[in-house]
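# Geometric and topological summary
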Amino acid sequence: MKRSFAIILGAALACLVILPGAAETGAATADSAGSASLYDAKGGLLFPAEYRTWIFLSSGLDMSYSADSSAAGQHVFNNVFVQRAAYDSFLKTGVWPNGAVLLLENRGGATNQSILKHGQIQTGEVLGYEAHVKDARFKDGWAFFGFDDNLKPATEIPHTASCYSCHQAHAAADTTFVQFYPTLLPVATNLKTLSASYLAETAPKN
């Protein structure tokens, strides 16, 4: 299964292609808030195997940035995690530190489970992982990565991909979709780090 979302990390990443069938184990780790230990010798991003111990930012269900899109088939939850040190830094500054990794986990959704008769719950089925990494080595200081089924070190998604321009045009703070993270949007608002494009996009219409 492939699904397109505009998230991710902010979660509905029409900017990124979600890779199907990823497993949760058997990968190298990259859990440091600094950038040096995030990569292998060839520059591939290591899968952060301990990401479930990171700060949970938010979750969306069947998110899409296309007004006319219809989510057919399996339901998908988009869960976003970031290292604790990066989260703490954002609380103080309203922007992400170098080495911040926002990890998007896509999980299947289901109903009629156990005693559940209405609504959706997340299942154990992981459909894919994406990462949005802040690092001065990249053009504009950020890069996207997608992990394949075996969670080997991921290669950088080319900067010609639409995820970059989408985040530049619509992200609330520091090229990330902070507008979808309810604990962080007030922080960026109070610290006045909201992007000019986001402020213009959300300004009251006369």
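Residues numbered from 1 in each chain as written. Predicted model: local features only at pLDDT ≥ 70, side-chain atom pairs only at ≥ 80, totals over all residues. Heavy atoms only, no water.

The next point concerns the packing of aromatic side chains. Scanning all chains against the criterion turns up eleven aromatic pairs. Ring centres of Phe144 and Tyr164 lie 5.0 Å apart, and the angle between their planes is 75°; on these two criteria the pair is classed as edge-to-face. With Phe144 in strand β7 (residues 142-147) and Tyr164 in helix α2 (residues 162-170), this pair connects stretches of sequence that are 20 residues apart. Cluster of aromatic residues (ring-pair linked, three or more members): Phe47, Tyr51, Phe56, Phe81, Tyr129 and Phe147. (Phe/Tyr/Trp six-rings, centres within 6.5 Å; stacked < 30°, edge-to-face > 60°. Helix = DSSP H or I, 4+ residues; strand = E, 2+ residues; numbered from the N terminus.)

To continue, consider helix α1 (residues 84-93). What α1 keeps buried is the set Ala86, Tyr87 and Phe90. End-on view of α1: buried residues confined to an arc of 100°, all on one side of the axis. Exposed and oriented more than 90 degrees from the buried face of α1 are Arg84 and Lys92. Looking one or two residues past α1, Gly94 carries a phi angle of roughly 80°, positive in sign. (Buried < 20%, exposed > 50% of the residue type's maximum accessible area, 1.4 Å probe, protein only. Arc of directions from axis to C-beta.)

Let us look at the confidence of the model for the protein chain. For the protein chain, per-residue confidence averages 79 on the pLDDT scale, and residues scoring 70 or more make up 72% of the total. Overall, residues 1-32 carries pLDDT values under 50, and its contacts beyond four positions in sequence, including any with other chains, amount to 144 contacts. (pLDDT = per-residue confidence, 0-100. Contact = heavy atoms within 4.5 Å.)

Moving on, we get to the pattern of salt bridges. All chains considered together, the criterion is met by four salt bridges. The partner of Glu105 in a salt bridge is Arg52, with the nearest N and O atoms 3.0 Å apart. Here Arg52 lies in the loop between β2 (16-18) and β3 (55-61) and Glu105 lies in strand β5 (residues 101-110), a separation of 53 residues in the sequence. In this structure Glu105 comes out as buried when scored by relative accessible area, which is 0%. Salt-bridge contacts for Glu105 lead to Arg107; the nearest nitrogen and oxygen are separated by 3.0 Å. Arg107 shares its class with Glu105; the two are buried. Overlapping salt bridges bring together Arg52, Glu105 and Arg107 as one network. (Salt bridge = Lys/Arg side-chain N within 4 Å of Asp/Glu carboxyl O.)

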